[in-house]
Amino acid sequence: MISISKKIFSLLILSLLLVSCVSRKKIVYFQDVGKDKSKEIKSDFSTKLKKDDVLMIVVSSPDVEASLPFNLPVFSISGFTNSAASAYQYQLYLIDNEGNIDFPTLGKLNVAGKTKIELISQLTDRLKKYINDPIVNIRIMNYKIAVTGEVNKPGNFNIVSERVSLLDAISLAGDLTIYGRRDNVIVIREVNGVKTINRIDLTKSDFISSDFYYLSQNDVVYVEPNKTRINSSMIGPNTAVIISTVSVLITVFTLLKK
């Protein structure tokens, strides 16, 4: 009897070790990076302006009066008032469906697809005709992302810095739950009016050099549930674990009795 008990105990320990190994492969990020090694991965990023972006464009110069016509007074716009906008009362510019904005004196400008640096350079060059030494600052006022699925705090997040990585977004959402698939995180992104669905494996470090390490405005991150969550949706996760444990015990006991 004691011998059988020892065998059962040994088999249970072995089973737990095997389960632990499988769980690590499903849960740990960056598994291909060794503990005592560093890995350098280059990742360039620059935000590109898109349709429906709301821009705050501020023009300044040594001659304050000369720059005034390019800084229209703002009207109260619900949803876009914050400390930066309300303090200086600058007009906001919505990029329309054709990718254009209407800018004072310069007229209609096509800006969608340009980076902020490119638009600043374009505006600076054209404003030199009217202002000496113009300085242009641009900020996207409605830069946001959404994170949903198997995370602890799903929701929409406004990004002030206009630079957010996929890991930053996951952190804002309270990290993935234990039931979220690390190897199949989906990023939904709109490019030139076409929505793309892109799958990211967080267990491998090579995604850092991909186009999806940094998110774009209005990206949606979806974390797919694993099989445990799917199977337990009707009976509860704890019940599924208990059933699995009992099944293993019954199998072990049956084999030992033979």
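Higher on the page you've got the structure.
Residues numbered from 1 in each chain as written. Predicted model: local features only at pLDDT ≥ 70, side-chain atom pairs only at ≥ 80, totals over all residues. Heavy atoms only, no water.

## Structural notes on the sheet that holds strand E6 (residues 144–149)
Backbone hydrogen bonds hold the strands of a sheet together, and the pairing may be parallel or antiparallel.
Okay, so step 1: One open sheet holds the 5 strands; their spatial order is E7-E6-E12-E9-E10, and the pairing between them is mixed. One side of each edge strand has no neighbouring strand; the edge strands of this open sheet are strand E7 (155–158) and strand E10 (194–200). Between one strand axis and the next, the sheet turns through 20° on average, direction left out of account.
Okay, so step 2: Relative to strand E12 (residues 220–225), strand E9 (residues 180–191) runs antiparallel, the two being bridged by 5 bridges. Counted as the bridge partner of Ile 186 is Tyr 222 from E12. (Pairing = 2+ DSSP bridges. Helix = DSSP H or I, 4+ residues; strand = E, 2+ residues; numbered from the N terminus. Axes fitted to C-alpha atoms, helices over the stretch in contact; angles between N-to-C directions.)

## A look at the pattern of salt bridges
Okay, so step 1: Evaluation of the coordinates by the stated rule reveals 7 salt bridges.
Okay, so step 2: Its salt-bridge partner being Arg 189, residue Asp 219 comes within 2.7 Å of it at the nearest N-O pair. With Asp 219 in the loop between strand E11 (214–215) and E12 and Arg 189 in strand E9, the pair connects residues that are 30 residues apart, well separated along the chain.
Okay, so step 3: Under the relative-accessibility criterion, Asp 219 is labelled buried at 0%.
Okay, so step 4: Arg 189 sits in the buried class, given a relative accessible area of 8%.
Okay, so step 5: Here Glu 190 and Lys 195 are joined by a salt bridge, their closest N and O atoms 3.3 Å apart. (Salt bridge = Lys/Arg side-chain N within 4 Å of Asp/Glu carboxyl O. Buried < 20%, exposed > 50% of the residue type's maximum accessible area, 1.4 Å probe, protein only.)

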